[in-house]
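Analysis of the macromolecular model
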Amino acid sequence: MTTQELMALGERVIMGTYRRFPVVLARGEGSRVWDTEGKEYLDFVGGIAVCALGHCHPAVAEAVSRQVSLLCHVSNLYHIENQILYAAMLIKRSFADQVFFCNSGAEANEAAIKLARKYGNERLGGRHEIITMKGSFHGRTLATVAATGQEKFHKGFQPLPAGFRYVPFNDLDALKEAVNDKTCAVMVEPIQAEGGVNVPDGGYLAGVRALCDEQGILMILDEVQTGMGRTGTMFAHEYEGVTPHIMTLAKALGNGFPLGAMLATSDVASAFEPGSHASTFGGNPLAMAAARATLEIIAAEGFLEGVRERSSYFLEGLRELQRRLPVVKEVRGRGMLLGVELNAEGAEIIDRCREKGLLIASAGPRVLRFVPPLIVTRGEMDRALEILGEVLAAT
Ligand SMILES: *Cc1c(COP(=O)(O)O)cnc(C)c1O
């Protein structure tokens, strides 16, 4: 089938929930992908912050191929060696005591919402409301859509599950005002990714935690996009010296193998008992093999330091474009989650970049989002900056 025929068939047989670019990607290696016509692209989307180690990392490929012919799936009716060992690895590197595994970010957040509800209902005298932020993104299931503080995601899906209130991001006073005797938790992204690469002021997350402690309620951090080294530390909250009660992870966990996780302190986790929650596929041996291999590399000595160095280099390049080109309004972000806010719409710029061989994403209509593999090289960053500079200069 030609690429044109394939895309035409896709338009017919795939539900129209995505507006897709006219490209069929066929192969990937490191920070590069190739389409069915053989055209090469520098991939600064990385499957939307998923392929942290780049496409087809040999260690992950080897772990998955070994496991695939040993044992793929057995169900959580039984203990699973890879799951136990991986959970212990995650816990060793985080504030958490226990983990629940699922298959996506939305599912991880759904699990966090259920855990906070159950904890509130049973341990906090029936408190059950969760405060989330305007401009947030927490997923596409009904409860996570309700948790997402953006009307465009609610439209057409009412009635949504009740029990969510929204306050402006990065506004502690508004949060204080909103907490009442029904509130059981505050849910927040350390950096709003989909919402525009919005980095809160220093001290904001610490303020959220202090307020939660004062009120005896839970802090939930959605680190689905920011976690696993994306922002230059294993988890984004480490910059703030703050820990939550509950944290969700997904995107980069399996370097492309679908996987989600919800982590909590033992006190909070103990609100779940056998039967409270479950997932058929969650934490299966194959997913856990991918995750173990991925985390071993991210947690290796010097890896995150390298991410921070590469981030500084890329940030400096973006700032240089900002100084030169008035179309660039602001450069922001942390680690390899970087945003360029424009004084114009970003869609055409993204198209022009793709034509020149650079894939980038957006975060809202005027923000270009860069979430390349964490292993991206200086040469690749130089090339991306060159293409971006040419495209921006021509607009
Ligand atoms: C991507 C994302 C989600 C949703 O994850 P899915 O795997 O698409 O369900 C939730 N929260 C944040 C912060 C995300 O970036």
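So, a few notes on the structure that sits alongside this text.

Calculation rules
Residues numbered from 1 in each chain as written. Predicted model: local features only at pLDDT ≥ 70, side-chain atom pairs only at ≥ 80, totals over all residues. Heavy atoms only, no water. Salt bridge = Lys/Arg side-chain N within 4 Å of Asp/Glu carboxyl O. Buried < 20%, exposed > 50% of the residue type's maximum accessible area, 1.4 Å probe, protein only. Helix = DSSP H or I, 4+ residues; strand = E, 2+ residues; numbered from the N terminus. Contact = heavy atoms within 4.5 Å. Core = buried A, V, L, I, M, F, W, Y, C linked by side-chain atoms within 4.5 Å. Near = heavy atom within 4 Å. Polar contact = N/O pair within 3.5 Å; in protein donor to acceptor, adjacent residues only side chain to side chain. Areas by Shrake-Rupley, 256 points an atom, 1.4 Å probe, with all protein chains shown as cover. Nonpolar A, V, L, I, M, F, W, Y, C, P; charged D, E, K, R; others polar. Pairing = 2+ DSSP bridges. Axes fitted to C-alpha atoms, helices over the stretch in contact; angles between N-to-C directions. Phe/Tyr/Trp six-rings, centres within 6.5 Å; stacked < 30°, edge-to-face > 60°.

Going through the model one piece at a time under the given rule, you end up with 18 salt bridges. A salt bridge links Arg-323 to Glu-316; the shortest N-O distance between them is 2.8 Å. Residue Arg-323 is classed as exposed on the basis of its relative accessible area of 60%. The exposure class assigned to Glu-316 is partly exposed, which follows from its relative accessible area of 41%. Note that Glu-341 is salt-bridged to Arg-332, the shortest N-O span being 2.6 Å. Note on accessibility: Glu-341 and Arg-332 belong to one class, buried. Residues joined in a network through salt bridges with shared partners are Lys-329, Glu-330, Arg-332 and Glu-341.

Within the fold, His-138 resides in the loop between β5 (129–133) and α6 (142–147). Sequence spacing of His-138 and Glu-107 is 31 residues, and the spatial spacing of their C-alpha atoms is 9.6 Å. With near-sequence residues (within four places) excluded, His-138 lies in contact with Gly-105, Ala-106, Asn-109, Thr-132, Thr-144, Ala-147, Thr-148, Met-187, Glu-189 and Asp-222.

With 61 residues, the main nonpolar core has Phe-44, Tyr-86, Met-228, Leu-318 and Phe-370 as its most contacted residues. Ala-143, Ala-147, Cys-184 and Phe-272 belong to the second largest nonpolar core, which has 27 residues in total.

Let's shift gears to unusual backbone geometry. Omega for the bond connecting Gln-158 with Pro-159 falls within 30 degrees of zero, at 0 degrees, which places this linkage in the cis form. At Ile-48, a residue that is not glycine, the phi angle is positive and equals roughly 60 degrees. Looking at the element boundaries, Ile-48 is found in helix α2 (residues 46–49). Judged by relative accessible area, Ile-48 falls into the partly exposed class, the value being 36%. With phi around 65 degrees, Ala-49 is a residue other than glycine that occupies positive phi space. For Ala-49, the position within the fold is in helix α2.

Relative to the helices and strands, Leu-315 resides in helix α12 (residues 303–324). Sequence-distant contacts of Leu-315, that is, excluding residues within four places in its chain, are made with Val-331 and Leu-338.

Around the ligand lies a shell formed by Ser-104, Gly-105, Ala-106, Asn-109, Phe-137, His-138, Gly-139, Glu-189, Asp-222, Val-224, Gln-225 and Lys-251. Contact between the ligand and Phe-137: a nitrogen atom at 3.2 Å from a main-chain N or O atom of the residue. Gln-225 is positioned such that a nitrogen or oxygen atom in its side chain is 2.8 Å from an oxygen atom of the ligand. Contact with the protein chains covers 81% of the free accessible surface of the ligand, which is 380 Å². Looking at the shell around the ligand residue by residue, the classes come out as three nonpolar, six polar and three charged.

Strand order in the open sheet made by the seven strands is β4-β10-β9-β8-β7-β5-β6, with mixed pairing throughout. Looking at strand neighbours, the two that pair on one side only are β4 (98–102) and β6 (164–167), the edges of this open sheet. Pairs of neighbouring strands in the sheet enclose a mean axial angle of 20 degrees, with direction left out of account. Note that strand β8 (residues 218–222) and strand β9 (residues 246–249) share three bridges and pair parallel. Looking at the pairing, Leu-221 lines up with Met-247 of β9. Each of β4, β5, β6, β7 (183–188), β8, β9 and β10 (260–264) touches helix α5 (residues 105–123); the most contacted strand, β9, lies at about 165 degrees to it.

The subject of this paragraph is the packing of aromatic side chains. Given two aromatic rings, their pairing is described by the distance between the two centres and the angle made by the two planes. Per the stated rule, a full pass over the model turns up five aromatic pairs. Ring geometry for Phe-44 and Phe-314: centres 5.5 Å apart, planes at 55 degrees, overall tilted. Of this pair, Phe-44 sits in the loop between β3 (40–43) and α2 while Phe-314 sits in helix α12, and the two are 270 residues apart along the sequence. The two residues Phe-44 and Phe-314 agree in class, both being buried. By way of ring pairs, the aromatic residues Phe-44, Phe-314 and Phe-370 are connected into one cluster.

Strand pairing in a sheet relies on backbone hydrogen bonds. The paired strands run either parallel or antiparallel. Pairing within the open sheet is mixed, and its four strands lie in the order β1-β2-β3-β13. The open sheet has two edge strands, β1 (25–29) and β13 (358–359), and neither has a second partner. Of the pairings in the sheet, the one linking strand β2 (residues 32–35) to β3 comprises three bridges and is antiparallel in character. Of the residues in β3, the one forming a bridge with Val-33 is Tyr-41.

The next subject is the side chain of His-245. Mapped onto the elements of the fold, His-245 is located in the loop between β8 and β9. In this structure the side chain of His-245 is engaged in a polar contact, spanning 3.3 Å, whose partner is the side chain of Arg-209. Sequence-distant contacts of His-245, defined by excluding residues within four places in its chain, comprise Phe-95, Arg-209, Asp-213, Ile-217, Leu-218, Met-219, Leu-263, Ala-264, Thr-265 and Val-268.

Here we come to the environment of Cys-56. Summarising the element assignment, Cys-56 is placed in the loop between α2 and α3 (58–68). C-alpha separation for the pair Cys-56 and Gly-256, spaced 200 residues apart in sequence, amounts to 8.6 Å.

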